[in-house]
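Chain residues, written in single-letter form:
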Amino acid sequence: MPVAMAGGSSGGGRVLDCRSFWKAGSYEAPAAPTHGFQDALETGDFDRARVHPKFLHTNATSHKWAFGAIAELLDNAVDEISNGATFIRVDKTINSKDNSPMLLFQDDGGGMDPEGVRRCMSLGFSTKKSKTTIGQYGNGFKTSTMRLGADAIVFTCAIRGSNVTLSIGLLSYTFLRRTMKDDIVVPMLDFKIQDREIVPLVYGSQGDWDSSLKIILDWSPFSSKEELLQQFQDVGSHGTKVAVYNLWMNDDGLLELDFEDDDEDILLRDQGSASGGVTKGQKEIVQQHISHRLRFSLRAYTSILYLKKFDNFQIILRGKPVEQICITDELKFKKAVTYKPQVTHDSQVVSVRVDVGFAKEAPILGIFGMNVYHKNRLIMPFWKVFQEGSSRGRSVVGVLEANFIEPAHDKQDFERTPLFLRLEARLKQIIIDFWKEKCHLIGYQPTDPNLRSQYKATLKDSGGSASHVHHKNSSSRRTGGFSSNLLPETYDDVAAAGFPNNGSHLQSTGQAQQNNMDSEGLDEDLVEIGSSGIFDPNFMEKLSEENLALFSRREELRQRDTQLKQTIEDLERELEETKRKCGQLAAELKVRKNHQHLHHR
């Protein structure tokens, strides 16, 4: 039985009967005493609305995906950039009471004063109404922490004027369930720095403060007030630390989050199988592509989570900064399209740039989809506007920031409003037009009759001979070079275009399409693509072979690198052992010399 499943009397060992998130809310609430209503009338408590603890779980089910919950907590830190935050650290730590893993989030933002932390712990309260901040509903902290684990404790330090405060809050589903509470109780402690000493800050009665301290010590991973205060040592003068513990498990009794398989990542244990490749080699390439890896690798997901790269802010995952990836930079034959949605009749004109292009792996792999951001935050990664079976749009990838529509509460989708449906229809048209215009550049037969005629004429003039495909940075190709987390470029965009440099017909066709789209509310900014050389009729087959060869070569180099590292470790151990033996021999020799010297005397 996993350690975290075991019972115990200490706070860290007091766990729910069911540790699976999707089953933890299936319980019968205790019936309220019959005299409770009359007591409420007499004490005046009737004016206060109550929220049953079961609502914490019900509310958290808005997050179908654990990474979506983690993204909510990252958003809180990103929103603190305006308050000086320079990092958010995500890591695994250990609950000292039962040795179970905890998920830790720590930032150096402005922190929360006592009033702010109470707002954070309240349901549905938010002061974030800025056009730039991501959070807006006041629900993210509660839903995200409760989706990741049954319990969360917050440590926050803030400077407001000349006042320095430290606050601790406990949101414990385990405590509420095990003590059969019929109301959500969130114990909090506040301190202030006075004469360089940490002293309690009591807003109510001392008895209430002491009661909150006892609950936190009984139900948190910490056993004393001193241990609680030690958590502020690495927070500094301002910032927030959140520890989520009693993490949820899957149906097999294993943690949903896998901390063991990769020391520099956090993985989802129940990951989906890869699709999109026919051969074993192709499937392996798909498994390495970010469109697949983001499903189960937190490092991959966070690398594209924000559209704009941060200037002075880092997401540090398990001790290593996450390298941000701009998906647009990873495309070839790119084109920029301006979409002007009609939001309302009396509103100002909204202009949205849609970057679209082919994935570097095109056409061998059918990786495709639109990446839709909202206020810099990724909402829908690789959204398949077309169904999987459709050949139209194969390998087409797009990026846009849609601030004119509102995301759903879990920030993993958009509400299906008429405005969203019009966006979906327009994106389909953009993909179709892009595919018709440029599919021949990745080896497909041109769909436009005029381009098809030019294509055949080019082949006839060349006698059907195969052309040489020029490579960019050939030395990088030989070593299986990467560009960030995506796979390497397979060939030069210019050389692979396959038409003479004048490109007069391509330009006129593109201009006609541009004029046509303008009349429908689309303004297109075409990216000029030069071309040279002759189109290779066996281009697609050659490209497939080249991609597989590069992948095989890369795997060989990885294995060789692993072997060399192992060899170095073995030699270092052998060297240490040799040094140890030399030390022993030197000591023995010294003893013998001393004995001989005494014997001669």
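Fair warning: this is a prediction, and the values are worked out from it, not measured in the lab.

Draft legend 1. The confidence of the model for the protein, seen in detail. Overall, the predicted model of the protein reaches an average pLDDT of 77, with 70% of residues at or above 70. Predicted confidence for residues 1-11 stays below pLDDT 50, and this span has 23 contacts to residues more than four positions away or in other chains.

Draft legend 2. Inspection of the environment of L103 at higher detail. Among the structural elements, L103 can be located in strand β2 (residues 101-107). Given a relative accessible area of 0%, L103 falls into the buried group. It is 7.9 Å that separates the C-alpha atoms of L103 and L247, two residues lying 144 residues apart in sequence. The contacts of L103, once residues within four sequence positions are left out, are I70, V90, D91, L148, V242, A243, V244, L247, L257, F259 and I266.

Draft legend 3. Geometry of helix α3 (residues 66-79). Between its terminal C-alpha atoms α3 stretches 21 Å, which fits the 20 Å expected from 14 residues at 1.5 Å a residue. The buried fraction of α3 amounts to 13 of the 14 residues, a majority that puts the element mostly inside the structure.

Draft legend 4. Layout of the sheet that holds β2. Spatially, nine strands are ordered β6-β5-β4-β3-β7-β2-β1-β10-β11 in an open sheet, and the strand pairing comes out mixed. Edge strands, defined here as strands with exactly one partner in the open sheet, are β6 (197-200) and β11 (320-321). As defined by bridge partners, β2 adjoins strand β7 (residues 239-247) across five bridges and the pair is classed as antiparallel. Residue pairing for β7: L103 is matched across the bridge by V244. Sitting on the sheet, helix α4 (residues 114-121) touches β3 (149-160), β4 (163-172) and β5 (188-194), and the angle it makes with β4 is about 20 degrees. Contacts from helix α7 (residues 206-219) reach β3, β4, β5, β6 and β7, with the element oriented near 110 degrees to β5.

Draft legend 5. Here's a closer look at the pairing of strand β14 (residues 369-374). The buried count for β14 comes to six of six residues, which makes it a mostly enclosed element. Residues G369, N371 and Y373 point to one face of β14 and M370, V372 and H374 to the other, with burial holding for every one of them. Relative to strand β16 (residues 396-401), β14 runs parallel, the two being bridged by five bridges. Pairing of Y373 across the sheet is with E401, part of β16. Looking at chain direction, β14 and strand β15 (residues 377-383) are connected through four bridges and run antiparallel. Counterpart to V372 in the pairing with β15 is M380. In this structure, the hairpin formed by β14 and β15 is closed by a connection of two residues, where K375 is found at a positive phi of approximately 50 degrees.

Draft legend 6. Here's a closer look at the side chain of D91. Looking at the element boundaries, D91 is found in strand β1 (residues 87-94). On the accessibility criterion, D91 (18% relative accessible area) is buried. Every residue in contact with D91, bar those within four places of it in the chain, is listed here: M102, L103, L104, R318 and G319.

Calculation criteria
- The residue numbering used here restarts from 1 in each chain and proceeds along that chain's sequence as written.
- Whole-chain, interface and lining totals are the exception, using all residues; otherwise, since this is a predicted model, local features are given only for residues with pLDDT of at least 70 and side-chain atom pairs are given and counted only at 80 or more.
- Each side-chain value is derived from all of the structure's non-hydrogen atoms; neither hydrogens nor water enter the calculation.
- Values of pLDDT, the confidence the predictor places in each residue, fall between 0 and 100.
- Any two residues whose heavy atoms approach within 4.5 Å at even a single point are treated as in contact.
- Runs of E in the DSSP output that reach at least two residues are strands. Runs of H or I that reach at least four are helices, and both are numbered from the N terminus.
- Whether a residue is buried, partly exposed or exposed follows from its accessible area with a 1.4 Å probe, protein chains only, as a fraction of its type maximum: under 20%, in between, or over 50%, in that order.
- Working rule for helices: expected span equals 1.5 Å times residues minus one.
- Strands were regarded as paired on the criterion that DSSP finds at least two bridges between them.
- Here the axes come from fitting lines to C-alpha atoms, over the contacting stretch only for helices, and the angles between their N-to-C directions go from 0 to 180 degrees.

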